[in-house]
Every structure is written in C-alpha cells, then in structure tokens.
Amino acid sequence: MRYYSTRNRTDPVSFATAALTGLAPDGGLFVPEAIPQFPQAVRSSLGTMDFHDIAFETIRPYVHPEIPDTVLGDMVLSAYPFTAPLIEAGDRLVLELFHGPTAAFKDFGARFMARAFSYLRRNEEQPLHILVATSGDTGGAVADGFFGIEGISVTVLYPKGRVSPLQERQIAGLGGNISALAVEGSFDDCQALVKAAFADADLRKHLALSSANSINVSRLIPQAVYYAAASGRALAGRVDPDGDATPRDQAKSGGNSREDGASGGLPWKGVPLTVCVPSGNFGNLTAGLYAMGMGAPIRRFIAATNINKTVPDYLATGDYRVRPSQATISNAMDVGAPSNFERMAAHWSYEELRRMIQGIPVTDDETRSTIAAVHERYGYYLDPHGAVGWKAIDKAAGPANGPIGGAPIDGPVAVLATAHPAKFAETVEPLTGPPPVPASLKKAMEREPNARTIPADISALKEALISLKDPL
Ligand SMILES: *Cc1c(COP(=O)(O)O)cnc(C)c1O
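Residues numbered from 1 in each chain as written. Predicted model: local features only at pLDDT ≥ 70, side-chain atom pairs only at ≥ 80, totals over all residues. Heavy atoms only, no water.

Novice: Which parts of the structure should I look at to understand the site of the ligand?
Specialist: In the neighbourhood of the ligand, 15 residues make up the surrounding shell, with K106, G280, N281, F282 and T418 lying closest. Separating an oxygen atom of the ligand from a backbone N or O atom of G283 is a distance of 3.2 Å. Within the side chain of T418, an N or O atom sits 2.8 Å from a nitrogen atom of the ligand. Protein chains bury 96% of the 390 Å² of accessible surface belonging to the ligand in isolation. Class assignment for the residues of the shell around the ligand results in six nonpolar, seven polar and two charged. (Near = heavy atom within 4 Å. Polar contact = N/O pair within 3.5 Å; in protein donor to acceptor, adjacent residues only side chain to side chain. Areas by Shrake-Rupley, 256 points an atom, 1.4 Å probe, with all protein chains shown as cover. Nonpolar A, V, L, I, M, F, W, Y, C, P; charged D, E, K, R; others polar.)

Novice: Just to check I follow, could you spell out the pairing of strand β4 (residues 86-89) for this structure?
Specialist: Successive side chains on a regular strand alternate, one facing one side of the sheet and the next facing the other. A two-sided burial pattern is seen for β4, the buried positions comprising L86 and E88 on one face and I87 and A89 on the other. Count of turn residues in the β4/strand β5 (residues 92-96) antiparallel hairpin: two residues, of which G90 carries a positive phi of about 60 degrees. (Buried < 20%, exposed > 50% of the residue type's maximum accessible area, 1.4 Å probe, protein only. Helix = DSSP H or I, 4+ residues; strand = E, 2+ residues; numbered from the N terminus. Pairing = 2+ DSSP bridges.)

Novice: What should I look at first to understand the sheet that holds strand β14 (residues 452-455) in this one?
Specialist: By way of backbone hydrogen bonds, the strands of a sheet pair with one another, either parallel or antiparallel. The strand order β9-β6-β7-β8-β14 describes an open sheet built from five strands, whose pairing is parallel. The two strands at the open ends of the sheet, each matched to only one other strand, are β9 (208-211) and β14. Across the sheet, the mean angle from the axis of one strand to that of its neighbour is 30 degrees, orientation sign disregarded. Two elements, strand β7 (residues 152-159) and strand β8 (residues 178-184), share six bridges in a ladder whose sense is parallel. (Axes fitted to C-alpha atoms, helices over the stretch in contact; angles between N-to-C directions.)

Novice: Can you walk me through the environment of E342 in this structure?
Specialist: Relative to the helices and strands, E342 resides in helix α15 (residues 341-347). Sequence-wise, E342 and G28 are 314 residues apart; in three dimensions their C-alpha atoms are separated by 8.0 Å. Filtering out sequence-adjacent residues up to four positions away, E342 remains in contact with T6, R7, G28 and L29. At a separation of 2.6 Å, a polar atom in the side chain of E342 contacts the side chain of T6. (Contact = heavy atoms within 4.5 Å.)

Novice: Which parts of the structure should I look at to understand the sheet that holds β4?
Specialist: The sheet built from six strands is open, its strands ordered β4-β5-β13-β10-β11-β12 with mixed pairing. For this open sheet the edge positions go to β4 and β12 (357-361), each flanked by a neighbour on one side alone. Strand-to-strand twist in this sheet, taken as the mean axis angle between neighbours without regard to direction, amounts to 30 degrees. Relative to strand β13 (residues 413-417), β5 is paired through four bridges, and the arrangement is parallel. In the sheet register, V94 faces β13, and the bridge partner there is V415. Contacting β4, β5, β10 (273-278), β11 (298-305) and β13, helix α11 (residues 224-235) runs over the sheet at an angle of about 145 degrees to β10. Along the sheet, helix α18 (residues 384-397) makes contact with β4, β5, β10, β11, β12 and β13, crossing β13 at roughly 160 degrees.

Novice: Sorry, what's going on with the environment of S210 here?
Specialist: Note that S210 resides in strand β9. As for S210 and D188, which are separated by 22 residues in sequence, their C-alpha atoms are 19 Å apart. Contacts of S210, omitting those with residues within four sequence positions, involve L20, F117, L128, H129, I130, L131 and F198. Polar side-chain contacts of S210 include one of 3.1 Å to the backbone oxygen of L20.

Have a look at this one:
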C-alpha cells in the first residue's frame, strides 16, 4: 500500500515512511491511496473468525509487502493477548475496548504501532527515541505499548501534578526503556517542548527522534480491527460472554445469560450494525469508516461528542469551524480542532460523510444522568466517554423513544466503551458506587512512579534527553 499526504497527492510514500515519519513534510496527514476490500471469503466469515485472524486480514493490505505475513501474524498475536468483547447491556450492545493493559481503546493502536516500529527499524544501528506529550491517557497507552520493545526508547512528558495518580503510575511506573518527565507547566507546555525538540538540529544529531501521536497511520489502522470483528458477530446474530474486566453488577443484572455463540437467534440477525463512537480527535471514527469501506457489515455511525461539537455542527450545517476546547468530564474528548478531520475530508465529501455519520453532542449533565440510569436499570457501569455514546444513541433514536431503553435504531446498535469506568472512578463512583477494578489497573496502582521533574524549558529537556541516551 502507498500513502499520500492529505495536502499533496503527487509523492506517495511506503507504509514504513508514513508510519515512521508520522506527519507528512507538508504538514498533512498520511492516507492510504485506496481503501482495500476484504476478500469475499473473509467478509462472509467475519462472524465466526478468531479475533487474531480478523486482525491479520484487516491490517495486511495496509502494510503489505513491507511487513511479511508471518511477521504480521506474530505481531497481532503478541499485540493482542486480549480481545474486544461485544456484550449485551440492557437494550443494546456494548463493544468493550478496555480489556487491554491500560484499560482504554488506545491500547489497540499503541501496541501494534510499537511492534511495527520495532520491525521497520530492525536494520538500524541507532535506537529510535519516541517523544510524547500527554495530558494523561495517551502517555499511558504509548508507554505500555512500547515497554520492553527492542531498539526503541520512549520519553513521556506530562504536566506535573495534573494527571491522576493512576495515570502517573501508568506513565512513570514502568521504567526500563520508558522514561517519564514531569514538566512544571501545562499540557500545552509539554506539547510545545516536544515541538521544540523536533525542531532542534543539535538534538536530532544525537538522537533519532520520532513521535507516536494519534495521527500516525500505524495507530489508526489497527483500530479498524474491532469494528470488523464486532459488526461480523452482530450480523451473525452473536454476542460474546462477559470478559474478565466487564463492569457488570452481577447481583443487579442477574449476570450475562448469553453463552458464546449460543445466541444464534438474536432478533437483528442479518441486519448490519449501527455503531456509536465517542469521539475527540476522530481517529477512532476514521478507523471505523475504513472498516466499513473494506466491507465490514456496518450500516452507519453515530459520532457522539461532548460539548466540543465541531464535527456534529459541521455535519448539520456544512460549515467546519474549529474552536478552543472546553473542559468536560469526558476529558479525552475535549477537542475543538479534531486532528483526524483532515483525513476524513480527504477520503469523503461532505455529502458522503453526512450519509455515513450522524453527529450528536451530549452535555455533562446528560452524561452523569446516563451513568446513573444505566447502572440503576441494568447493573452496568459506563465510564464518562462510553456514557456520552450511550446517551447519543438515545438522542439519535428521537424523543419518542425516551431517555433510556428506546427501540434500537434500524437493527442492532452498539456503543463503543472506550475506557473502563474504574479509570474515571472520581466521576463514576458518586453516581453508582465503586465500579469493579480490573486486574490491569490494580497492577498499575502498585507501581512506584519514578519521574524526573524539569522546568518547561527546552534546554532542560535537551539535557534530560541526552543524559538518558548517554548515561556515562
Ligand atoms: C482518546 C479517547 C477518546 C477519543 O478518541 P478519538 O480517536 O480521539 O476520537 C474517547 N474515549 C477515550 C477513553 C479516549 O481515551
């Protein structure tokens, strides 16, 4: 597969170049020259295929021939020792994307990206150094994804005192090839420092630098996998049993009655899935559009946002206006200028996007009342991001269907649960009581955070990076 910049369709690059450089030299985002199609044999067996086989078939055309099939097969096995169960909660389906080590969907992209980078750099002498600025969530997923990966070291910059204790342990508790810098400043300062480091010729002489932010194609493509898997299962009338980290109150819900594959007769069998995606930078939704373009049986998408509703407003009016972000309780979606919009607009026209996506904004009050009501009725704990998605489905179904428990929209509908509720316990717990804590988060909480504090100053960052590289 060749990749173009969204701003210039004349100089295609390889997957390796697109992945390792991240952003195109003209400032655009890399997009595949065409969206590949699943072979018919794959398309018709998505409902029964193993998750790793679906991962292989989904990713392969985007990385072929640079990542050979045998290598890709091993990569998906080692990246995904967990899956994405499609479970039932009340009147709808929930695609749980938090069964990975940091309990949020970014594990799917970060863990594949780390392995792809390591393979693509296998013949390089110089180790690669990844710099990431984080406001909390991305840093943890990237740190965990790259932990122990050969030939690559990572430095995560986070605003000192402004991430949660859990996030700090996820970022700064691993050690090994992962270093953490607590910056005396804001997230914006961290981002400015990373930018300054990339622009510093002297530093680049010492270190092979790369980034791992969410616009990287190697993080985006693997996110198409769980859309293909879930839509295939739904079409076959199947759901999954609860996973280990499924946050269900057994006493309240009576447990999940479904056994794997035993539910062949669900009422929506044969009808394509409507998928609701809680969105911020719109990387996750773009990956869903890729899966649909490849032939996954998806009817359409609901793009759920919090009050940062740049894209819903665009879909409603045709007018794309970025704005400053506003803080909400679903803070991983506090984005006023979604970075992946440029990618969506490069592939599809406004009319096409409008046919595929319905945009629905949700307020913090609505989010809180949804977390409480879904727990009260169904014994299921939503995190604030998943709750935005749940509420958006209610709103999309129209007022006649009531606030919760409305009829499904044109067949099966699934909301993406992008994070585990225990990650946002400070918001969830007052509404539902304490959510169950998955093993991955318990393990992270036991780690001792070990970060070096630096002022928000490029010379301090340079010094820290060079001393990491050269401990002598
Ligand atoms: C990153 C994130 C989102 C937003 O995903 P985008 O791909 O940026 O739209 C939603 N929920 C959670 C929990 C996240 O971490």
